[in-house]
Amino acid sequence: MKERRRFSRVIFSNEAQFMASSGDFSCEILDLSLNGALLTLPDGYVPLKNDPASLNFYLPGSDIQITMEIEVRHVEEGHLGVHCRQIDLDSVTHLKRLIELNLGDDDILHRELEQLTYDDD
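Below is a summary of the structure that appears in this document. (Residues numbered from 1 in each chain as written. Predicted model: local features only at pLDDT ≥ 70, side-chain atom pairs only at ≥ 80, totals over all residues. Heavy atoms only, no water.)

## Some words on the pattern of salt bridges
For step 1, the next point in the chain: Summed over all chains, the structure comprises 5 salt bridges.
For step 2, the next point in the chain: Each of Glu-71, Arg-73 and Arg-85 takes part in salt bridges that share partners, so that together they form one network. (Salt bridge = Lys/Arg side-chain N within 4 Å of Asp/Glu carboxyl O.)

So this is what it looks like as structure tokens:
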């Protein structure tokens, strides 16, 4: 199978709040990219493809909160893949820095930031 991913993912285990039209749920982030995340499927949440939601989490050991407007893309074996549809400037700045520190390659990160500008999704 051909790899379709255009954005590097970093492993990031952290608690988060998943807020959908059906309610607010706790989940865990398993990995992150500039364009989305992989989450544990929140208990009690019945996922629908393209279902809009919000994802909020704090960076470990700080009061820095990252908030994303997301959309459900896929559900597999207790995991929920989400696509970031909108993110505020403060959140994307902190997310960029988190990914930058984990990738260890500024060139990759800058290419991915440029790709966000041209992303039609």
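Next comes the rest of the description.
## Looking at the sheet that holds strand 5 (residues 65-76)
For step 1, the next point in the chain: Read once around its circumference, the closed barrel built from 6 strands follows the order 1-2-3-6-5-4, with strand pairing classed as antiparallel. Strand-to-strand twist of the sheet, defined as the mean angle between neighbouring strand axes without regard to direction, takes the value 45°.
For step 2, the next point in the chain: Set on the sheet, helix 1 (residues 89-103) makes contact with strand 1 (10-20), strand 2 (23-33), strand 5 and strand 6 (79-87); between it and strand 5 the angle comes to about 70°. (Pairing = 2+ DSSP bridges. Helix = DSSP H or I, 4+ residues; strand = E, 2+ residues; numbered from the N terminus. Axes fitted to C-alpha atoms, helices over the stretch in contact; angles between N-to-C directions. Contact = heavy atoms within 4.5 Å.)

## What to know about the side chain of Glu-100
For step 1, the next point in the chain: Among the secondary structure elements, Glu-100 is positioned in helix 1.
For step 2, the next point in the chain: Engagement of the side chain of Glu-100 in a polar contact is seen with the side chain of Arg-97, the distance being 2.9 Å. (Polar contact = N/O pair within 3.5 Å; in protein donor to acceptor, adjacent residues only side chain to side chain.)

## Some details on the environment of Gly-81
For step 1, the next point in the chain: The topology assignment puts Gly-81 in strand 6.
For step 2, the next point in the chain: Remark: the alpha-carbon pair of Gly-81 and Thr-40, spanning 41 residues in sequence, is separated by 8.8 Å.
For step 3, the next point in the chain: For Gly-81, the contacting residues outside a window of four places in its chain are Ala-37, Leu-38, Glu-71, Val-72, Arg-73 and His-74.

## Quick notes on the side chain of Glu-71
For step 1, the next point in the chain: Here Glu-71 shows up in strand 5.
For step 2, the next point in the chain: A polar atom in the side chain of Glu-71 sits 3.2 Å from the side chain of Arg-73.
For step 3, the next point in the chain: Discounting chain neighbours no more than four positions away, the residues touching Glu-71 are Asn-50, Asp-51, Pro-52, Gly-81, Val-82, His-83 and Arg-85.

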